[in-house]
Amino acid sequence: MIIDSHVHIAGANEIDRLIESASRSEIGLLLVSSLGIGGYRVYPTVEMVVAANNSVLEAAKRFPDAARGVCYADPLHTEESLAEIDRCIAHGPMYGIKLWVAAKASAPCVEPIARKAVELDVPILQHAWNKATGEGENESTPADVVVLARKFPKLRIQMAHLYGAGFRGIADITPYPNIFADTSGGEPEAGILEYAITQMGAERILFGSDAPGRGFAVQLGKVTGSNISEEDKEMILWKNAKRVYKL
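Figured I'd write up the structure that's included with this text. (Residues numbered from 1 in each chain as written. Predicted model: local features only at pLDDT ≥ 70, side-chain atom pairs only at ≥ 80, totals over all residues. Heavy atoms only, no water.)

### A word on empty space enclosed by the protein
Then, number 1: Considering all chains together, one arrives at 1 cavity of 30 Å³ or more under this definition.
Then, number 2: Taken as a whole, the largest cavity spans an internal volume of roughly 40 Å³.
Then, number 3: Lining of the largest cavity is provided by Val42, Pro44, Tyr72, Ala73, Asp74, Pro75, Trp100, Val101 and Ala102.
Then, number 4: Classifying every residue of the lining of the largest cavity gives 8 nonpolar, no polar and 1 charged. (1 Å grid on protein atoms, 1.4 Å probe; cavity = no way out; pocket = protein on both sides within 12 Å on 5 of 7 lines; lining within 4 Å. Points joined across faces, edges and corners; volume = space filled by probe spheres on them. Nonpolar A, V, L, I, M, F, W, Y, C, P; charged D, E, K, R; others polar.)

Quick look at the structure:
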């Protein structure tokens, strides 16, 4: 089974189409989060966060064998986010925490959420990118993710967008074994995955498409078309996600 560790929905009604599309590429399990209903907001209200997570809960309930939830949290609403994490993970069926761009991973307001993740023994999926045009106001770079990893060495962090981080981002995160990376972020680019494996090892890389913003088949080609061993492909395509998320 191929596990896609980075998928979004903007409403529970999208899950049917995503599962059907993923199945055509032999992707059998989606780790799903939502960044908002009907559109993403950089600075969501508490109500928006709750509604987004409700859509994921509904989707996972309808398709328990094909979709697992990841809880969206906003560090700018600390107490409400901690309560939401308890609702969705401690007392619910979700498997991890999703942080987007409301606050940098290096910001102090992320620390209570990181402590909660360590307490519950779940990973944080953290958006990160190195952009030639410059990042958004509170958008994390791999260097910001490193700051969080240093503060919490027992925290498992899935840094999104290996192909957005690039060679510089790989160099930043390589010394920190609690940082994993997913293969999302832009289109396939020769040499990125091979270089990451030589630096980090295949055991720290997870397949992630960032669907529906990117197509499953194209993103899968980053792994299946790479010049790496079959053993490394197997780790990236499902074994690492199973281990990191304790599926």
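### Some points on the sheet that holds strand β2 (residues 27-33)
Then, number 1: Read from one edge of the open sheet, 3 strands run β1-β2-β3, paired in parallel fashion. Edge strands, defined here as strands with exactly one partner in the open sheet, are β1 (2-8) and β3 (67-69). Neighbour-to-neighbour, the strand axes of this sheet turn through a mean angle of 25 degrees, independent of strand direction.
Then, number 2: Of the strands in this sheet, β1, β2 and β3 are in contact with helix α1 (residues 15-23), which crosses β2 at around 145 degrees. (Pairing = 2+ DSSP bridges. Helix = DSSP H or I, 4+ residues; strand = E, 2+ residues; numbered from the N terminus. Axes fitted to C-alpha atoms, helices over the stretch in contact; angles between N-to-C directions. Contact = heavy atoms within 4.5 Å.)

### Focus on the packing of helix α5 (residues 142-151) against helix α6 (residues 162-173)
Then, number 1: Contact pair α5 / α6: the axes reach a minimum separation of 9 Å and the direction vectors enclose 15 degrees. Judged on the interaxial angle alone, α6 and α5 are roughly parallel. Note on packing geometry: the crossing formed by α5 with α6 is right-handed. Here Pro142, Ala143 and Val146 of α5 come into contact with α6, specifically with Ala165, Gly169, Asp172 and Ile173. (Parallel < 35°, antiparallel > 145°, perpendicular 65-115°, else oblique. Left-handed = near helix turned anticlockwise from the far one by under 90°.)

### A word on the environment of alanine 51
Then, number 1: Tracing the chain through its elements places alanine 51 in helix α2 (residues 46-62).
Then, number 2: The class for alanine 51 is partly exposed, based on a relative accessible area of 32%.
Then, number 3: Sequence separation between alanine 51 and isoleucine 37 is 14 residues; the distance between their C-alpha atoms is 7.0 Å. (Buried < 20%, exposed > 50% of the residue type's maximum accessible area, 1.4 Å probe, protein only.)

### Some thoughts on the packing of aromatic side chains
Aromatic ring pairs: the centre-centre distance and the angle between the two ring planes describe each pair.
Then, number 1: Counted according to the given criterion, the structure contains 2 aromatic pairs.
Then, number 2: Aromatic pair tyrosine 40 and tryptophan 100: ring centres 5.8 Å apart, planes at 75 degrees, arrangement edge-to-face. Placement of the pair is tyrosine 40 in the loop between β2 and α2 and tryptophan 100 in the loop between β5 (97-99) and α4 (111-120), with a sequence separation of 60 residues.
Then, number 3: We classify tyrosine 40 as partly exposed; its relative accessible area is 38%. (Phe/Tyr/Trp six-rings, centres within 6.5 Å; stacked < 30°, edge-to-face > 60°.)

### A few points about α1
Then, number 1: Burial in α1 covers these residues: Ile15, Leu18, Ile19 and Ala22. For α1, the angular spread of the buried residues around the axis is 95 degrees, confining them to a single face.
Then, number 2: Considering only its buried residues, α1 is in contact with β1, β2, α2, β3 and α8 (216-224). (Arc of directions from axis to C-beta.)

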